[in-house]
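# Summary of the model geometry
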Amino acid sequence: MPRSERPLPNDGTPLSGFATDLRSLRQRAGGPPYRELGRRAGYSAATLSEAAGGKRLPSLDVTLAFVRACDGDTDEWENRWHAIAAGASPAPAVDHAPAPYTGLAPFGPGDADRFFGRERLTEDLLARKESLITVFGASGSGKSSLLRAGLAPRLRGRVVVVTPGDRPFERCAQQIARVSGLPQAQLDDPRDLHLLLRQAAIDRGVVLIVDQFEEVFTLCGEEERGRFIAALAAAATGNVRVVLGVRADFFAHCSMYAELVESAHVTVGPMSPDELRRAITKPALGAGGKVENALLAHLVAQVHGSAGVLPLLSHALLETWRRRQGTMMTLAGFHASGGIDGALAKTAESVYGEFDVRQRLLARNLFRRLTAPGDGTEDTKRRIGIDELDDDPDLAVVLDRLTSARLLVRDQDGVEITHEALIRAWPRLTEWLNADRDGLRVHRQLTEAARQWESLGRDPSLLFRGTRLAVARECETGLNASEQAFLDASLTEQQADEAWARRRTRRLRQLIALLNVVVALLAVAVFVAVDAQRMAERERNVAVARKAIQDADLLRGDDPRLAARVALAAYRLAPSPEARNGLVNAHATHSRFQDGPSLPVPGPLPGVPAPSPALPADAVHPDHKLFSLTGTYPVVVRGADERRIVTAGDDVRLWDATCEMPCEIGRIEGKADAVALRPDNRVLAVSSGRSTRLWDIEDPRNPKQLKVFLYDAQWAVFNRDGSVLATGSETSPVSLWDMASPAEPRRVAVVGLSTGDNGGAFGPTGLFATTNPDGTLSLWDTKDPTRVRNLMTVNRNPGRYHAPSFSKDGHVLGALNGDRSATVWRVEDDKLLDAPLEAASAADMSMLTFPADGTVRGYGRGTATTWTPDVSKVAEEVCRAGPLDAEQWKRFFPGVPRQTECR
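First, a word on what this report is: a plain description of the structure on this page. (Residues numbered from 1 in each chain as written. Predicted model: local features only at pLDDT ≥ 70, side-chain atom pairs only at ≥ 80, totals over all residues. Heavy atoms only, no water.)

### Comments concerning the packing of helix H26 (residues 560-573) against helix H27 (residues 577-587)
Convention followed: Helix axes are fitted to C-alpha atoms over the stretch in contact, other axes to C-alpha atoms as well, and angles between N-to-C directions run from 0 to 180 degrees. Runs of E in the DSSP output that reach at least two residues are strands. Runs of H or I that reach at least four are helices, and both are numbered from the N terminus. With respect to orientation, any angle under 35 degrees is reported as roughly parallel, any angle over 145 as roughly antiparallel, any angle of 65 to 115 as roughly perpendicular, and every other angle as oblique. Crossing handedness is defined as follows: a turn of the near helix away from the far one that is anticlockwise and smaller than a right angle gives a left-handed crossing, while the clockwise case is right-handed. Contacts: residue pairs with any heavy atoms within 4.5 Å of one another. In this count, Pro and Cys sit with the nonpolar residues alongside Ala, Val, Leu, Ile, Met, Phe, Trp and Tyr, while Asp, Glu, Lys and Arg are called charged and the others, Gly among them, polar.
Remark: H26 packs on H27, axes separated minimally by 8 Å, with the N-to-C direction vectors making an angle of 160 degrees. One finds that H26 runs roughly antiparallel with respect to H27. Considering how the two elements wind past one another, H26 and H27 form a crossing that is left-handed. Mapping the contact onto sequence places Pro560, Ala563, Ala564, Ala567, Leu568 and Tyr571 in H26 and Ala579, Arg580, Gly582, Leu583, Ala586 and His587 in H27. For the contact of H26 with H27, a count of residues per class yields 9 nonpolar, 2 polar and 1 charged.

Structural data, given as structure tokens:
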């Protein structure tokens, strides 16, 4: 039978009540033996029995495991545990003996006997032979303690430890003089630091340890920083060694300097579990104390593997030491202190809560002044001199209490935050800093400017003016007396400057007023005369140029070269869209295929078609394969890869464009008004009357019908990747069809009405152009075919657009006009640019193409017209024949002074 539990003391303490309730909870769960309870909870029976023994408060983890094993309410018991822990743990003791932990402050040379856990790194640094060593580590990783308490006491010779601050040369000179006994020197040249260290090292070696080296990046100017780094590198030779401690997030800043890149690098990482145990237990043992096993296990588990947590751990240990029970540091005392994450914030909030309203405002301003906002890095602490603090009794109280709580460190020269961990761990301070970071940076600039102003005898040239003053006035809260005096003096000086400027301006205005009136009257008279003359000249030039364009149009049939030269001269005289169109049309070339049947009609298919005869030599055209077919068939469509051509008329014929002349390779019987070839050459859409049929032409000799549209589809066109087919007619909407399954197309959108003759065209980027029954042209965005949106609509008056087509790159869109002309637009940012080209032809056109050379080509029945929209190219070609002679100029531009059209 299990042994009965020992009776609990009937002392009425919260701890006895807590143990009694744990036993009651066990009885309500059926009274399982502690061995069974331990199996459920994952703890030993002895641990659970001790938890309900009433001698001491069990850990929170053991309590919650006990409650869960008995099916109790864990939230309720956790709250009870914290209440008991807060009452059971004594308040921080008034202990005159020094604590074994330093809290936020780093271990110093005098703390070497209680600095543990970094023995391996210390030995590594001592064994290194390099003269310049850079020690990198995250904020809170223990760099300063390693250098000050681990390395410095073990070094031989003179050891100088310094933090650079905003005047690193001055700091180094002070510390070297203090350690070596040499008189303090003024270091005006980087070489002076080298000489001073040499003097200090005459009788023995010198090691210069520069801790918190990141301050040269946060507090120093670029010029002084570069000089200081160069001086350190030059000094690190012979029996002078330099060791730098830098926060790891400033590694990129250090990499900008070759001296630091070439130095030896040592990284301070997280402590191992054994190192943590020594760092936690050894100081307590040295002071006659002990660390409860549960507390030690909890701390190692929580801290191991975490970077930058050592100051928080040290502070939590200090607060736990103050709450120790006799000589024992307990887990309950640790939790009562707030734990690792909360101990520091709890201490800071406790001190802050003791201040009155004004003292809290002073504390806020003080902490903002003691912090340098990071620029791509974490915020850093900033040391300030005593002269930066006002003589204020309330401020003195704030400083005393914050220093007593070891949140700040103060000496005869200045004040600084004990450790940057406070910036990360105290939410209130983080909130203060994030409230106005830009204002904080401006405040730092104001502080530095006020210091220089005071040091140079309040030189007025150093005062703020203009934008700098306006920005500085926005941070008038939290200023000290010197900064306020600087700001007031800047404002007074600017007001005086403005008053003098106003007086000077007023006198100048009085002196210039009469002259302004006279000059204004003269200027108006001259301007009116000159403007009238220029206006008359412009109107004359426009009228003469318009007449010259008309003359050039009449000359095209008889003397095309002269027509082009006249059009160019007219364009130079009065550039306008109308003149540009006239020039391009005058320069256009016209080709006609030889009369007669251009291609034989092969025999019936299937069977191998006979090759078509070659074109006569005098009928060769740059695109003669397409050109030859346009002379025979009313509808000609070329495939995207230019390997297939489809013609339509009394029947539909498929042609292989790779032959010397197109070879017929397939035929579909039946009259066709329009055809569309999918880019992969596998599906053909044939429109006839008011219906469109889809054909599988993967085998062109045996086409197979896939689908018949019964939706008044007089024309069809595929998009550039063949995934969408558009159909339409003059009486039905334009429909977009998903062609994932050509045998069963699915309509996904309707975008409006169109004309019945080739009323749509797709660009390469999802643009879709349609010509509408009212003669307008619309541009649509079909990147998502299920969400089509209209981009713009353009009108041509008089006339109507039809048969639109895009260039291969999508930067040009053209449409036929029905009056032997075409309109060509430039396309940019999914919009049609203004002033399109109006290209006129000598014959009806059925299609437009856009060759790679930038020209535009229009085809009719056996006729091709080529335009060059680039006016500079046109001018270059026209001018090869030379400019107009004097007689020709007088003939076409009477009354206009001779100008050179060929430049």
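### Side note on the pattern of salt bridges
This is how it is decided: When a carboxyl oxygen of Asp or Glu is within 4 Å of a side-chain nitrogen of Lys or Arg, the pair counts as a salt bridge. Throughout, exposure labels follow a simple rule: accessible area from a 1.4 Å probe, protein chains only, divided by the maximum for the residue type, with under 20% read as buried, over 50% as exposed, and the rest as partly exposed.
By the definition in use, this model includes 38 salt bridges. Here glutamate 170 and arginine 167 are joined by a salt bridge, their closest N and O atoms 3.3 Å apart. Residue arginine 358 is joined to aspartate 394 by a salt bridge in which the shortest nitrogen-to-oxygen separation is 2.9 Å. With arginine 358 in helix H19 (residues 357-369) and aspartate 394 in helix H20 (residues 393-404), this pair connects stretches of sequence that are 36 residues apart. Since its relative accessible area comes to 41%, arginine 358 is described here as partly exposed. For aspartate 394, a relative accessible area of 22% corresponds to the partly exposed category.

### A few points about the state of the cysteines
Stated formally: We call a pair of cysteine sulfur atoms a disulfide whenever their separation is within 2.5 Å.
Tallying each qualifying case throughout the model produces 2 disulfides. A sulfur-sulfur distance of 2.3 Å marks the disulfide that ties cysteine 659 to cysteine 663. Between cysteine 659 and cysteine 663 the sulfur-sulfur dihedral comes to about -135 degrees; the bridge is accordingly left-handed. The burial state of cysteine 659 is the same as that of cysteine 663; both residues are buried. When the bonded cysteines of the protein are numbered from the N-terminus onward, they pair as 1-2, 3-4.

### Side note on the packing of aromatic side chains
Put simply, the rule is: Pairing of aromatic side chains here covers Phe, Tyr and the six-membered ring of Trp, requires ring centres within 6.5 Å, and sorts the geometry by plane angle: under 30 degrees stacked, over 60 edge-to-face, intermediate tilted. Put simply, a charge is over a ring when the Lys NZ or the Arg CZ is close to the ring centre, within 6 Å, and near the line of the ring normal, within 35 degrees.
Scanning the model with the defined rule gives 16 aromatic pairs in all. Summarising the aromatic geometry, the rings of phenylalanine 18 and tryptophan 77 are spaced 5.4 Å apart at their centres and angled 75 degrees between planes, so their arrangement reads as edge-to-face. With phenylalanine 18 in helix H1 (residues 14-28) and tryptophan 77 in helix H5 (residues 74-88), this residue pair connects regions lying 59 residues apart in the sequence. What makes phenylalanine 18 buried here is its relative accessible area of 1%. Taken together, the ring pairs in this structure connect Phe169, Phe213, Phe217, Phe228, Phe250 and Tyr257 into an aromatic cluster. Positioned over the ring face of tyrosine 34 is arginine 26, at 4.1 Å from the centre of the ring. Looking at arginine 324, its charged tip hangs above the ring of tryptophan 321, at a distance of 4.1 Å from the centre.

### So, the pairing of strand S27 (residues 767-771)
The line we're drawing: Any two strands with at least two DSSP bridges between them are considered paired.
Of all the 5 residues making up S27, 5 are buried; the element is thus mostly covered by neighbouring parts of the structure. Side chains of S27 alternate between two faces, with Leu767, Ala769 and Thr771 and Phe768 and Thr770 buried alike. In textbook terms, the turn of a hairpin is the stretch between consecutive antiparallel strands, and for strand S26 (residues 760-762) and S27 this stretch comprises 4 residues, one of which, glycine 766, has a positive phi near 95 degrees. Here 5 bridges tie S27 to strand S28 (residues 777-781), and the two strands are oriented antiparallel to one another. In the strand pairing of S28, threonine 770 is matched with serine 778.

### Structural notes on the sheet that holds strand S19 (residues 683-688)
By way of backbone hydrogen bonds, the strands of a sheet pair with one another, either parallel or antiparallel. Strand order in the open sheet made by the 4 strands is S18-S19-S20-S21, with antiparallel pairing throughout. Here the strands that pair on one side only, and so sit at the sheet edges, are strand S18 (674-677) and strand S21 (704-709). On average, each strand axis in the sheet is tilted by 20 degrees relative to the strand beside it, whichever way the strands run. Two strands pair when backbone bridges link them, and strand S20 (residues 691-696) and S21 are joined in this way by 5 bridges, in the antiparallel orientation. Considered in S21, the bridge of aspartate 696 is made with lysine 704.

### Here we look at the sheet that holds strand S11 (residues 408-410)
Strand order in the open sheet made by the 3 strands is S10-S12-S11, with antiparallel pairing throughout. Each edge of the open sheet carries a strand with a single partner, namely strand S10 (384-385) and S11. Relative to strand S12 (residues 414-417), S11 runs antiparallel, the two being bridged by 3 bridges. Residue pairing across strands places leucine 408 opposite isoleucine 417, the latter belonging to S12.

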